[in-house]
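Structural features, examined
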Amino acid sequence: MTPTATAGRTPRRRLTAFLHRHAGVRLSLLLSAPLLWLGVAYLGALAALFVTALWSTDTFTGDVVKELTWVNFQDLFTLDVYRTIALRSVGVAVAVTLIDLVIAFPMAFAMAKLASPRAQRWLVIAVLTPLWASYLVKAYAWRIMLSADGVLGWGYGLTATILTLSYLWLPYMILPIYAGLERLPDSLLDAAGDLGARGPRTFRTVVWPLTFPAVIAGSVFTFSLSLGDYITVKIVGGTSQLIGNVVYDNIGAANNLPFAAAVATVPVVIMLVYLAAVRRTGALENL
Amino acid sequence: MNLSRTARTALWAMLAAGLGVIYVPLLIVLVNSFNTDRTFAWPPTGFTVRWWEAAWNSTGVRDALWASVQAGLGATAIALVLGTMVAFAIQRYDFFGKNAVSLLILLPIALPGIVTGIALNNAFRAVLEPFGVSLGLFTVIIGHATFCVVTVYNNVLARLRRMGSSLEEASADLGADTFTTFRLITFPMMRSALLAGGLLAFALSFDEIIVTTFTAGAGVRTLPLWIFENLFRPNQAPVVNVVAAALIVASIVPIYLAQRLSGGDAGTR
């Protein structure tokens with residue numbers, strides 16, 4: 001009797017041999033818990049939320065009436081106030097994304113193409129560090145700066161919200177663009193120069209097309225994070241309202257979960273459309 | 001590269017200005033934590049450590065800090081297990097719906113936090129209330145783990161791609177079974193990726209407020225919830241400012257660790 005033959009009969013040995021032969025079983029085991037969590041529980045919760053959006057609330061008792069109705073979506077589309085708020089939210093998200101893009105691109109370019117490798121390392125750390133500082137702390141810092149007797153003293157409102165959101169999400173735009181520019185070989189820029197292209201033309205025909213997926217990856221963050229935000233608006237927005245505030249107020253003060261759920265579908269649909277549109281650019285691989 | 005002198009100077013200036021914009025607000029919070037003036041009138045009128053003492057002695061702050069640490073550790077532990085499992089499945093196998101699975105992992109951070117928040121809140125109440133269980137710290141942990149999986153997944157996936165499988169095959173050829181190979185070869189090779197992903201997961205959880213708002217029970221108050229609650233109370237302003245300043249200082253720790261861990265590429269999501 002050889003030792004291997006005895007070992008072959010221990011349960012552990014049999015289990016590993018079985019797993020080794022059956023890749024499908026290994027895969028199912030690996031996917032089981034994550035898919036139960038994210039696929040069944042999380043997606044289930046999302047699905048349930050959207051079913052709730054088709055229910056209504058009894059205005060008299062405040063109870064949820066579990067009958068399918070389009071009334072929430074009708075309100076959402078026909079009442080001017082919600083259309084204004086939805087458009088305003090999208091406007092804020094677009095503004096934040098554009099501001100961040102304009103600030104982040106030159107910064108990322110200087111980091112990736114002008115700085116020495118040693119300086120690059122420190123610059124990446126310098127951009128990353130504020131990401132670890134608390135979101136609330138940063139919004140709070142702007143509240144203090146913008147307050148009437150603060151450093152800037154500009155006061156609160158929609159502009160303050162856009163400024164603060166741009167500040168909050170700026171590193172999310174810098175990092176993907178920096179990574180994209182780093183992957184762009186310097187030789188391409190040199191070749192463009194040798195062929196007679198000046199700075200702007202090199203940018204338009206070489207740099208921008210090749211870093212576009214990275215820009216999109218950054219914009220997914222800035223756009224989505226701005227679209228769902230209601231905390232910053234509360235901190236520096238004064239009386240302005242975004243989609244997030246409508247959702248929040250309908251859960252809290254108004255206690256109207258079905259309507260809140262209906263409102264919440266708006267940013268989700270916008271984000272899904274956006275993600276589907278940018279999937280083709282290959283940007284999602286950059287996240 | 002053939003950039004003109006002016007263009008170079010302009011780019012460097014923009015980088016410097018951008019970094020200035022990033023850091024000045026944080027510095028102002030730090031300076032204000034020593035400001036004698038209660039309303040932070042600028043410029044500061046005097047220096048005091050009174051607010052730091054008050055914050056140190058505040059039980060509200062301590063309890064909140066402890067709740068945040070517990071939530072962060074719990075969520076990180078779950079994210080480490082789930083994220084590693086998915087990363088292995090995606091990297092080592094081909095299967096139907098692979099793209100859908102990788103998109104699914106991304107979904108909790110791609111969707112606005114308030115959507116995840118109310119979806120979970122709704123689900124928790126529907127599932128738990130019949131059993132007489134109410135929201136608490138564990139629901140916060142579940143909520144946070146949902147969006148923390150992606151950070152571990154990204155780090156482990158990148159590591160597995162770089163690692164290849166030749167060492168594992170060598171180990172198997174030498175007679176080690178699946179578990180021994182994992183313990184002696186695979187795990188040590190991806191340890192720093194796990195630490196980096198775990199660190200990010202913890203930081204993400206520690207900072208989160210929106211999902212937390214909707215998944216925390218009545219008695220649970222994490223640090224962000226505490227800050228938000230006290231932000232609009234004028235008499236608490238100095239203490240809130242100190243907590244903010246302390247968090248800014250504390251954020252240097254993870255960045256230092258992340259740099260040590262993986263030589264610079266740990267911080268990106």
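Scroll up a little and you will see the structure.
Attention in this report is confined to the structure presented alongside it. All values derive from a computational prediction rather than experimental measurement.

Quick notes on the rules
Residues numbered from 1 in each chain as written. Chains lettered and ligands numbered in written order. Predicted model: local features only at pLDDT ≥ 70, side-chain atom pairs only at ≥ 80, totals over all residues. Heavy atoms only, no water. Helix = DSSP H or I, 4+ residues; strand = E, 2+ residues; numbered from the N terminus. Buried < 20%, exposed > 50% of the residue type's maximum accessible area, 1.4 Å probe, protein only. Contact = heavy atoms within 4.5 Å. Lys, Arg positive; Asp, Glu negative; His and termini not counted. Charge placed at Lys NZ, Arg CZ, Asp CG, Glu CD. 1 Å grid on protein atoms, 1.4 Å probe; cavity = no way out; pocket = protein on both sides within 12 Å on 5 of 7 lines; lining within 4 Å. Points joined across faces, edges and corners; volume = space filled by probe spheres on them. Nonpolar A, V, L, I, M, F, W, Y, C, P; charged D, E, K, R; others polar. Salt bridge = Lys/Arg side-chain N within 4 Å of Asp/Glu carboxyl O. Phe/Tyr/Trp six-rings, centres within 6.5 Å; stacked < 30°, edge-to-face > 60°. Lys NZ or Arg CZ within 6 Å of the ring centre and 35° of its normal. Polar contact = N/O pair within 3.5 Å; in protein donor to acceptor, adjacent residues only side chain to side chain.

**Looking at the overall build of chain B**
Summing up its helical and strand segments, chain B has 12 helices and 0 strands in all. The secondary structure elements of chain B, listed N-terminal to C-terminal, are α-α-α-α-α-α-α-α-α-α-α-α. For chain B, the residues scored as buried account for 51% of the 269 residues in total. Residue pairs in contact within chain B that sit at least 24 positions apart in sequence constitute 70% of those at least 6 positions apart. Across chain B, the 17 positively charged side chains and the 13 negatively charged ones have centroids separated by 8 Å.

**Quick look at empty space enclosed by the protein**
By the definition in use, this model includes 4 cavities of 30 Å³ or more. Taken as a whole, the largest cavity holds about 640 Å³ of empty space. Along the walls of the largest cavity sit 32 residues, with Trp169, Tyr172 and Leu225 of chain A together with Leu204 and Glu208 of chain B positioned nearest its centre. Among the residues making up the lining of the largest cavity, the classes are represented as 21 nonpolar, 6 polar and 5 charged.

**Let's talk about the side chain of Ser224 of chain A**
Within the secondary structure, Ser224 of chain A sits in helix α10 (residues 199-227). Taking relative accessible area as the criterion, Ser224 of chain A reaches 3% and is therefore assigned buried. Residues within four places of Ser224 of chain A in sequence aside, it is in contact with Ser219 and Met271 of chain A together with Ile109, Ala110, Leu111 and Pro112 of chain B.

**Details of the pattern of salt bridges**
It is possible for side chains bearing opposite charge to pair when their charged atoms get close. Taken as a whole and assessed by the stated rule, the structure comprises 6 salt bridges over all chains. Put simply, Asp177 of chain B and Arg12 of chain A hold a salt bridge, and the shortest N to O gap is 3.0 Å. Note that Asp177 of chain B is positioned in the loop between α7 (166-173) and α8 (178-207) and Arg12 of chain A in helix α2 (residues 11-21), a pairing that runs across two chains. In this structure, Arg83 of chain A and Asp80 of chain A form a salt bridge, with 3.5 Å as the shortest nitrogen-oxygen distance. One end of the pair is Arg83 of chain A and the other is Asp80 of chain A, both in helix α5 (residues 80-114) and 3 residues apart, which spans about a single turn.

**Regarding the packing of aromatic side chains**
Inspection of the entire model under this criterion finds 17 aromatic pairs over all chains. Aromatic pair Phe223 of chain A and Tyr274 of chain A: ring centres 5.0 Å apart, planes at 25 degrees, arrangement stacked. Here the residue Phe223 of chain A occupies a position in helix α10, and Tyr274 of chain A occupies one in helix α13 (residues 257-279), the gap between them amounting to 51 residues. Judged by centre distance (6.2 Å) and plane angle (55 degrees), the ring pair of Phe88 of chain B and Phe182 of chain B falls under tilted. Residue Phe88 of chain B is found in helix α3 (residues 59-92), and its partner Phe182 of chain B is found in helix α8; the two are separated by 94 residues along the sequence. Here Phe182 of chain B falls in the partly exposed class, since its relative accessible area comes to 35%. Positioned over the ring face of Trp56 of chain B is Arg62 of chain B, at 5.1 Å from the centre of the ring.

**Describing the interface of chain B and chain A**
Contact residues are listed per partner, giving 89 residues for chain B and 87 residues for chain A. Taken together, the links from chain B to chain A amount to 1 salt bridge. On the surface where chain B and chain A come into contact, there are 11 residue pairs in polar contact (both at pLDDT 80 or more). With 15 residues, helix α1 (residues 5-32) of chain B is the largest single contributor of residues to the side of chain B that touches chain A.

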